[in-house]
Amino acid sequence: MEVRIEESWKQALQGEFEKPYFAALARYLHQEKALGKKIYPPGGEIFKAFELTPVDKVKAVILGQDPYHGYGQAMGLSFSVPDNVPAPPSLKNIFKEIEDDLGIRMSGRTNLESWARQGVLLLNAILTVEAGMAASHSKIGWEPFTDAVISYLSANRSGIVFLLWGNFARSKKALIDTSRHYVLEAAHPSPLARGAFFGCRHFSKTNQILESEGKAPIDWQL
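The model shown is predicted, which means the values in this text are computed figures rather than measured ones.

The rules we used
Residues numbered from 1 in each chain as written. Predicted model: local features only at pLDDT ≥ 70, side-chain atom pairs only at ≥ 80, totals over all residues. Heavy atoms only, no water. Salt bridge = Lys/Arg side-chain N within 4 Å of Asp/Glu carboxyl O. Helix = DSSP H or I, 4+ residues; strand = E, 2+ residues; numbered from the N terminus. Buried < 20%, exposed > 50% of the residue type's maximum accessible area, 1.4 Å probe, protein only. Pairing = 2+ DSSP bridges. Axes fitted to C-alpha atoms, helices over the stretch in contact; angles between N-to-C directions. Contact = heavy atoms within 4.5 Å.

Visitor: In this structure, what is going on with the pattern of salt bridges? I would like to understand it.
Guide: Proximity of charged atoms lets side chains of opposite charge pair with each other. Using the criterion set out here, one finds 12 salt bridges in the structure. A salt bridge links Glu113 to Arg117; the shortest N-O distance between them is 3.2 Å. Of the two residues, Glu113 and Arg117 are both situated in helix H6 (residues 113-117); the distance of 4 residues between them amounts to about one turn of the helix. The buried category is assigned to Glu113, whose relative accessible area is 17%. Using a relative accessible area of 57% as the deciding quantity, one classes Arg117 as exposed. Through salt bridges with shared partners, a single ionic network connects Lys48, Glu113 and Arg117.

Visitor: How should the sheet that holds strand E2 (residues 60-64) be read in this particular structure?
Guide: Pairing in this open sheet of 4 strands is parallel, and the strands run E3-E2-E5-E6 from one edge to the other. Each edge of the open sheet is held by one strand with a lone partner, namely strand E3 (120-124) and strand E6 (182-186). Averaged over all pairs of adjacent strands, the angle between strand axes in this sheet comes to 20°, irrespective of strand direction. Summarising the sheet, strand E5 (residues 161-165) and E6 pair through 5 bridges and their orientation is parallel. Paired with Val161 across the strands is Tyr182, a residue of E6. Set on the sheet, helix H7 (residues 142-156) makes contact with E2, E3 and E5; between it and E3 the angle comes to about 150°.

These results come straight from atomic positions and should not be treated as a statement about function.
Right under this line is the structure:
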């Protein structure tokens, strides 16, 4: 697998690319594709979150678990789908919370690239998935890599807001130095959480924190 990743991240994570687990991960993906298996997102979009949000631009992190596994959905950004794709249930609930929290109306657009370009790292813990099989790549080596991403940000940046939704994301709190960063925790926006995500007000809270740090708030409206 050719690692096409934004230069600041390439430098930050160079040691990870040289480790045996990453070579095994690349080998696995190559073999799966050679067998004719459909892998999402497309190869050029696996590292899209890094491309749109360089290391020194990260102001907030929204951590997802793994990519959407339906055709045309995954695009390398957690929770985001291309604009011509209907919003999955979790994304619909995210938009509902934004509307309730900020008193704004979302446009119906589903592509979250504008958030990424403003400094929101939309990071999935697992960066690929086999078509139609949720969490199918959860054991192939992505988590050591994305754990290293979180650990790098924790150690080398300050004042980042980490939004951890659901038990899986919250399990990553141990990687974050909470004396240097902010952690907001909530239930997952999935309908399976039975509405427990609603009322978390993470979008206004993130902006309040960023402004207290002298940083520009995120324009969450799409």
